[in-house]
Amino acid sequence: MANALAHVITSFIGIDWIILEYLPRHKEETMKKIFYLTWMILLSLCLALSWLMQSQTLTHFNITAGGSLVIALITLFSFWVAVSKMEHKNPHKFVNGMLLSTTMKFLMFMAAAAIFLVVQGKSLHKPDLFFLMGVYLIFLIMEALILSKFARRMPASH
């Protein structure tokens, strides 16, 4: 099961990377569309995997699905902040935007984790937590890949 999941994730990241390599240069709207499409596909895959793991009694669907949705929404907000700052002519705005995006994402994840731990209390199910860590890594890698491609494709005079 874990081997199949790793194969699906690596093949999806490979497909995503190929799509990004062959996009025309300086197509900002195309890059945003690629991010949103990838975001929706990854969220759908995470929810499907959550349901599959719940059906085999490995995790709790309501916790893993809710956590996946929270992680996806925080990633979406972080991407929006980073891209809005990336479009300024001043490179310091971009650096400040990335710092703001990273800090806000960190604080939101800390708050979500604290709420999760308080609500779960002593009934914390470790497989749920590890599943959500994997979801976080998947969305982190996706956001980093697309933002790095997006930053490299921005015109120098922008």
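As shown above, the structure is provided for reference.
Basis of the calculations
Residues numbered from 1 in each chain as written. Predicted model: local features only at pLDDT ≥ 70, side-chain atom pairs only at ≥ 80, totals over all residues. Heavy atoms only, no water. Helix = DSSP H or I, 4+ residues; strand = E, 2+ residues; numbered from the N terminus. Buried < 20%, exposed > 50% of the residue type's maximum accessible area, 1.4 Å probe, protein only. Contact = heavy atoms within 4.5 Å. Areas by Shrake-Rupley, 256 points an atom, 1.4 Å probe, with all protein chains shown as cover. Core = buried A, V, L, I, M, F, W, Y, C linked by side-chain atoms within 4.5 Å. Axes fitted to C-alpha atoms, helices over the stretch in contact; angles between N-to-C directions. Parallel < 35°, antiparallel > 145°, perpendicular 65-115°, else oblique. Left-handed = near helix turned anticlockwise from the far one by under 90°. Nonpolar A, V, L, I, M, F, W, Y, C, P; charged D, E, K, R; others polar.

Undergrad: Where do I start with the overall build of the protein chain in this structure?
TA: Check the secondary structure of the protein chain and you find five helices and zero strands. Overall, the protein chain shows an N-to-C arrangement of helices and strands of α-α-α-α-α. A buried classification covers 34% of the 158 residues belonging to the protein chain. Considering only residue pairs separated by 6 or more positions, the protein chain has 79% of its internal contacts joining residues 24 or more positions apart. For the protein chain, the exposed surface amounts to about 9,500 Å²; the carbon and sulfur share of it is 72%.

Undergrad: Mind showing me how you'd approach the nonpolar core here?
TA: Most often, soluble globular proteins keep nonpolar side chains buried together rather than apart. With 26 residues, the main nonpolar core has Trp39, Phe139 and Met142 as its most contacted residues. Residue assignment for this core shows that the elements contributing at least two residues are α2 (28-55), α3 (61-86) and α5 (126-153). Setting aside anything within four residues of it in sequence, one finds Phe139 in contact with Trp39, Leu42, Leu43, Cys46, Ile71, Ala72 and Thr75.

Undergrad: Teacher, can you tell me more about the packing of α3 against helix α4 (residues 91-120) here?
TA: Look at α3 against α4: their axes get within 8 Å of each other, and the N-to-C directions meet at 165°. Compared by their axis directions, α3 and α4 come out roughly antiparallel. Relative to α4, the crossing made by α3 is right-handed. Of the residues that constitute the contact of α3 with α4, the class distribution is 16 nonpolar, four polar and three charged.

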